[in-house]
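# Commentary on secondary and tertiary structure
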Amino acid sequence: MLRCLVTTAPRWLDDDELRTWLALFSVLVRLPGALDAQLQRDAGINLFEYQVLAALSVAPRRRLRMSVLAAISEGSLPRLSQAVKRLEHRGWVKRSPDPDDGRYTLAVLTDAGMATVADRAPGHVAEVRRLVFDPLADGQSQQLQDICGRIMRTVDSGGPYPGARPY
């Protein structure tokens, strides 16, 4: 039989915290959908696939271990494998054994994949700018970065996340 061992009263959110939480929750739910819709409409790929391509485009020699790419793109290995399979069918990514350690698989961005990123990036960046940065006042971008960093260090103190450190 399980027993609740909580002996203190819950720390309920005050009115200001509740409004802040609901605002953040709305952004977390709606922003990915808005970015995904733009990429689907204008580029024929989804947001996760774009993140995979973009991460590879800035990686040394345009290649990353699949496990590292999964962490950078905020996806599980099975989800990443499915996305990479779709990108392989388009000729944008290929997989190969890691020559330094054959237990690992590398995802490699092809020349056609790099051309795809270069072609799709301007529209995606314009949408990110429109939805995220244009509404902010001077200095709020840095504040948002700091706030997100603090939250991510609490959520996953040891995990890499985009913006935390270079690949």
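Here's what I pulled together on the structure shown here. As the structure is a prediction and not an experimental result, all values here were calculated from the model.

## With respect to the sheet that holds strand β2 (residues 93-97)
With antiparallel pairing, three strands are arranged side by side in an open sheet as β1-β3-β2. Only two strands of the sheet have a single neighbouring strand rather than two, namely β1 (63-65) and β2. Within the sheet, the average angular offset between the axes of one strand and its neighbour, ignoring direction, is 25°. By the bridge criterion, five bridges tie β2 to strand β3 (residues 105-109) in an arrangement that is antiparallel. Pairing of Lys94 across the sheet is with Val108, part of β3. Strands β1, β2 and β3 of the sheet are contacted by helix α2 (residues 47-58), whose axis makes an angle of about 90° with β3.

## Describing the pattern of salt bridges
In this structure the tally under the stated criterion is nine salt bridges. Taking the shortest distance from any N to any O, the salt bridge between Arg130 and Glu127 comes out at 3.0 Å. Taken together, the residues Arg130 and Glu127, both in helix α5 (residues 111-133) and three residues apart, mark about one turn of the helix. According to the relative accessible area criterion, Glu127 is buried, its value standing at 12%.

## Thoughts on the environment of Ala55
Among the structural elements, Ala55 can be located in helix α2. The exposure class assigned to Ala55 is buried, which follows from its relative accessible area of 2%.

## Comments concerning the nonpolar core
Grouped burial of nonpolar side chains is what soluble globular proteins tend to show. Core analysis: the largest hydrophobic core is formed by 28 residues, its most contacted members being Val52, Leu53, Leu56, Leu69, Leu80 and Val93. Broken down by element, this core gets its largest block of residues, eight residues, from α2. If we skip the residues at most four places from it in the chain, Leu80 touches Phe48, Val52, Met66, Leu69, Ala70 and Ser73.

## Some thoughts on unusual backbone geometry
Leaving glycine aside, a negative phi is the common case for residues, and trans is the common case for peptide bonds. Positive phi is not limited to glycine here, since Arg61 has a value of about 55°. Note on placement: Arg61 falls in the loop between α2 and β1. A positive phi angle, near 55°, is found at Arg62, a position not held by glycine.

## Description of the packing of aromatic side chains
Within this structure, the stated rule accounts for one aromatic pair. Aromatic pair Trp21 and Phe25: ring centres 5.8 Å apart, planes at 50°, arrangement tilted. A residue pair is termed a helical-turn pair when its members lie 3 or 4 positions apart in one helix, as Trp21 and Phe25 do in helix α1 (residues 15-43) at four residues. What makes Trp21 partly exposed here is its relative accessible area of 39%. The ring of Tyr104 is capped by Arg65, whose NZ or CZ atom sits 3.8 Å from the centre of that ring. Over the face of the ring belonging to Phe48 we find Arg79, whose NZ or CZ atom lies 4.0 Å from the ring centre.

Criteria and thresholds
Residues numbered from 1 in each chain as written. Predicted model: local features only at pLDDT ≥ 70, side-chain atom pairs only at ≥ 80, totals over all residues. Heavy atoms only, no water. Pairing = 2+ DSSP bridges. Helix = DSSP H or I, 4+ residues; strand = E, 2+ residues; numbered from the N terminus. Axes fitted to C-alpha atoms, helices over the stretch in contact; angles between N-to-C directions. Contact = heavy atoms within 4.5 Å. Salt bridge = Lys/Arg side-chain N within 4 Å of Asp/Glu carboxyl O. Buried < 20%, exposed > 50% of the residue type's maximum accessible area, 1.4 Å probe, protein only. Core = buried A, V, L, I, M, F, W, Y, C linked by side-chain atoms within 4.5 Å. Phe/Tyr/Trp six-rings, centres within 6.5 Å; stacked < 30°, edge-to-face > 60°. Lys NZ or Arg CZ within 6 Å of the ring centre and 35° of its normal.

The quantities given are spatial measurements derived from coordinates; they are silent on function.
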